[in-house]
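An overview of the molecular structure
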Amino acid sequence: MKNLKQNIIKFNHDKNFKYEDFYVSNSNKHILELFNNWPNWEKNFLNINGEKFSGKTHLINIFLEKFKGIKIDAENITNGFVKNLKIYQNIVIENLDEKIDENLLFTIINTIDQD
């Protein structure tokens, strides 16, 4: 049987996360359309999940460029961050599968849900 593992070709170029460089396909166009409908979402909370290299970070950077906000890794969330939560228009929390204080996460979700 052939090895069906996909290999990533490494090019010597800087990463960019511009809208015009995002490849839209059938598997990701729905999330791009959803992003473009902000702030007319039913809820102010969205969870994006996907395989490594599927374009999640690219989409998030497009969203933050267009709608402004902050990106923070889940393990870096502190009480101080939660206290200043209201100053940010949009918050992206990366790596929710990593270690996170559940009380802080639920506080963030409850704060967002009140808006």
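Right above here is the structure, for reference.
What comes next is a walk through the structure.

What counts as what
Residues numbered from 1 in each chain as written. Predicted model: local features only at pLDDT ≥ 70, side-chain atom pairs only at ≥ 80, totals over all residues. Heavy atoms only, no water. Helix = DSSP H or I, 4+ residues; strand = E, 2+ residues; numbered from the N terminus. Buried < 20%, exposed > 50% of the residue type's maximum accessible area, 1.4 Å probe, protein only. Contact = heavy atoms within 4.5 Å. Areas by Shrake-Rupley, 256 points an atom, 1.4 Å probe, with all protein chains shown as cover. Lys, Arg positive; Asp, Glu negative; His and termini not counted. Charge placed at Lys NZ, Arg CZ, Asp CG, Glu CD. Phe/Tyr/Trp six-rings, centres within 6.5 Å; stacked < 30°, edge-to-face > 60°.

With that settled, the discussion passes to the overall build of the protein. Assigned secondary structure in the protein consists of four helices and two strands. Overall, the protein shows an N-to-C arrangement of helices and strands of α-α-β-α-β-α. With the C-alpha coordinates aligned to their principal axes, the bounding extent of the protein is approximately 50 × 30 × 30 Å. In the protein, buried positions account for 26% of the 115 residues. Nonlocal contacts in the protein, meaning residues at least 24 apart in sequence, comprise 46% of its contacts between residues at least 6 apart. For the protein, the accessible area works out to roughly 9,500 Å², and carbon and sulfur atoms hold 48% of it. In the protein, the 15 positive side-chain charges and the 16 negative ones have mean positions that sit 5 Å from each other.

Moving on to the side chain of N28. The residue N28 is located in the segment before α1 (29-36) in this model. Here N28 is in contact with F22 and Y23, once residues within four sequence places are set aside.

Moving on to the packing of aromatic side chains. Across all of its chains, the model carries seven aromatic pairs by this definition. Judged by centre distance (6.4 Å) and plane angle (25 degrees), the ring pair of F35 and W41 falls under stacked. For the pair shown, F35 and W41 are each scored as buried. When the centroid spacing of 6.0 Å and the interplanar angle of 25 degrees are considered together, the rings of W41 and F63 count as stacked. Linking W41 in the loop between α1 and α2 (56-67) with F63 in helix α2, this pair joins segments that are 22 residues apart in sequence. The exposure class of F63 is buried, given its relative accessible area of 7%.

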